[in-house]
Amino acid sequence: MTPKTIATAILLLTLIRVRSAAQPNASTPQPPAQSDSTYAQRLGWPKDARILILHVDDAGMSLESNEGAINALTKGVATSVSVMMPCPWVPGFVSWLHKHPNTDAGLHLTLTSEWTEYRWGPLAGRKSVPGLVDSSGCLWPTVAAVVSHSNADEVETEIAAQLERARAMGFEPTHLDTHMGTVYNSTAFLIRYMRAGITNHIPVMLPGGHDKLIQKQTGLPDAALDNFRTLGKTLWAAGLPVLDDLHNFSYDWKVPDSVAHNDKKLARWRTSLYIDALKTLEPGVTMMIMHCSDAGEHFTHISDSGPLRRGDMLAMMDPAFKKALQDQHIILTTWRELMQRRQAAK
């Protein structure tokens, strides 16, 4: 999700009243006003605690994505991952999940297929969601095309199909999030995304707390961010945990050519950025997004983002980053733990 994506979403929510539409039905009581406490406090952590989910996107997208995610989770400090269910390497990653059942793994709900020569289609089938596909039968390559050609009913159908496939494979997701931030670019899409989480009692990625990092990315005032906070209250009232903030800067950290092809230099450069990012975290629960891939020469046939993704993997495995987490007293968590704490909370 880019800063532009977030800004677009918040502006939409500023213009449209979503509180009543986001509720499962009109008779559902409104949640109480949010106090000054963070969601981390409500989940039982100390007032000043900085709680962090180190989250890897795009598992299942390619062999390199799978291997990078596994390295970050098992040899590094990443705590969570999400899977792109329409993609060809999903069976391999789900097979690994069966052997590692305690892995915190969710669904990276995928409504786009952005690469030029490596693409995928909707799990619901073209006839069921014709507005989600382009002339080749693949999902649209851009978020804007999805918003202009599709509708909320089709998005809900495809979300259900991706969840159904996961469950059919014996994979119960710990949470839902969104590839390329697509659901945040339409209020109607966002409502269906939330409804999928509420009706299935699965946490959804939605920063509904102080949102300091999002504000830094977008420059929007508190009045605009209040709409996300309203949605956060809705999720909390439905029994789901809520993020206080979201760190989504890393995909914009473009890799200099001088370090792109040298693992030692790449790791040092990328790790330093993540260490600096830890210093920006406010008290509360924050999710930090990364795209760890064991990208090599073959990955260049998919995307030119290989060095960026490889740098993320190397940073998560770097002892310097692990030490920084300890030195800064960052508490790592997972979506599974958030849900367990939410179930125990009042």
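Preceding this section is the structure that the text describes.
These notes cover the structure that comes with them.

1. Quick notes on the overall build of the protein chain
In terms of regular secondary structure, the protein chain is built from 15 helices and seven strands. Counting over 346 residues, the protein chain shows a buried share of 59%. Only carbon and sulfur atoms are counted for the fraction: they give 54% of the accessible area of the protein chain, which is about 14100 Å².

2. With respect to the packing of aromatic side chains
Under the definition given, this model contains seven aromatic pairs. Ring centres 5.4 Å apart and planes at 45° place the aromatic pair Tyr 39 and Trp 236 in the tilted group. Of this pair, Tyr 39 sits in helix H3 (residues 39-42) while Trp 236 sits in helix H10 (residues 222-237), placing them 197 residues apart in sequence. Pair check on accessibility: Tyr 39 and Trp 236 agree, each one buried. Aromatic side chains Tyr 184 and Phe 228 sit 5.8 Å apart centroid to centroid with 70° between the ring planes, which places their arrangement in the edge-to-face category. In this pair, Tyr 184 is assigned in the loop between strand E4 (176-178) and helix H8 (187-200) and Phe 228 in helix H10, connecting sequence segments 44 residues apart.

3. Things to note about the side chain of His 179
You can see His 179 is positioned in the loop between E4 and H8. Among the residues examined, His 179 registers a relative accessible area of 3% and is labelled buried. Here His 108 takes part through its side chain, which lies 3.2 Å from a polar atom of the side chain of His 179. Side chain to side chain, His 179 and Glu 114 meet in a polar contact 3.0 Å long.

4. Notes on the pairing of strand E1 (residues 50-59)
E1 sits mainly inside the fold: 10 of its 10 residues count as buried. Relative to strand E6 (residues 284-290), E1 runs parallel, the two being bridged by seven bridges. Bridge pairing in E6 links Leu 52 to Thr 286. Judged from the three bridges that link them, E1 and strand E2 (residues 80-83) form a sheet pairing that is parallel. Bridged to His 55 within E2 is Ser 80.

5. Examining the packing of helix H7 (residues 152-168) against H8
At their nearest, the axes of H7 and H8 sit 9 Å apart, and the two run at 35° to each other. Classified by chirality, the crossing of H8 by H7 is right-handed. Along its contact with H7, which presents Ala 152, Asp 153, Val 155, Glu 156, Ile 159, Leu 163 and Arg 167, the element H8 presents Ala 188, Phe 189, Arg 192, Tyr 193, Arg 195, Ala 196 and Asn 200. In terms of residue class, the contact of H7 with H8 is built from eight nonpolar, one polar and five charged.

6. Side note on unusual backbone geometry
Its identity as a non-glycine residue notwithstanding, Asp 58 has a phi of 75°, on the positive side. One non-glycine residue, His 329, lies in positive phi territory at about 60°. Structurally, His 329 can be placed in the loop between helix H14 (319-327) and strand E7 (331-332).

7. Regarding H14
Residues Phe 321, Ala 324 and Leu 325 constitute the buried set of H14. Taken end-on, H14 shows its buried residues confined to a sector of 100°, consistent with a single buried face. Structural note: H14 exposes Pro 319 and Gln 326 on the side pointing more than 90 degrees away from its buried face. Against the buried residues of H14 lie E1, helix H12 (263-278), helix H13 (306-317) and E7. A distance of 2.8 Å separates the backbone nitrogen of Ala 320 from a side-chain oxygen at the start of H14, and that oxygen is part of Asp 318. Positioned one or two residues after H14, His 329 has a phi angle of 60°, which is positive.

8. Describing the pattern of salt bridges
A full pass over the atoms with the stated rule returns 14 salt bridges. Among the salt bridges present, the one from Asp 263 reaches Arg 310, with a minimum N-O distance of 2.9 Å. Of this pair, Asp 263 sits in helix H12 while Arg 310 sits in helix H13, and the two are 47 residues apart along the sequence. Residue Asp 312 pairs with Arg 270 through a salt bridge whose shortest N-O separation is 2.7 Å. With Asp 312 in helix H13 and Arg 270 in helix H12, the pair connects residues that are 42 residues apart, well separated along the chain. Assessed through its relative accessible area of 0%, Asp 312 is described here as buried. Arg 270 sits in the buried class, given a relative accessible area of 0%. Counted as one network, the salt bridges with shared partners bring together Asp 153, Glu 156, Arg 192 and Arg 195.

What counts and how
- Residues numbered from 1 in each chain as written.
- Predicted model: local features only at pLDDT ≥ 70, side-chain atom pairs only at ≥ 80, totals over all residues.
- Heavy atoms only, no water.
- Helix = DSSP H or I, 4+ residues; strand = E, 2+ residues; numbered from the N terminus.
- Buried < 20%, exposed > 50% of the residue type's maximum accessible area, 1.4 Å probe, protein only.
- Areas by Shrake-Rupley, 256 points an atom, 1.4 Å probe, with all protein chains shown as cover.
- Phe/Tyr/Trp six-rings, centres within 6.5 Å; stacked < 30°, edge-to-face > 60°.
- Polar contact = N/O pair within 3.5 Å; in protein donor to acceptor, adjacent residues only side chain to side chain.
- Pairing = 2+ DSSP bridges.
- Axes fitted to C-alpha atoms, helices over the stretch in contact; angles between N-to-C directions.
- Left-handed = near helix turned anticlockwise from the far one by under 90°.
- Contact = heavy atoms within 4.5 Å.
- Nonpolar A, V, L, I, M, F, W, Y, C, P; charged D, E, K, R; others polar.
- Arc of directions from axis to C-beta.
- Salt bridge = Lys/Arg side-chain N within 4 Å of Asp/Glu carboxyl O.

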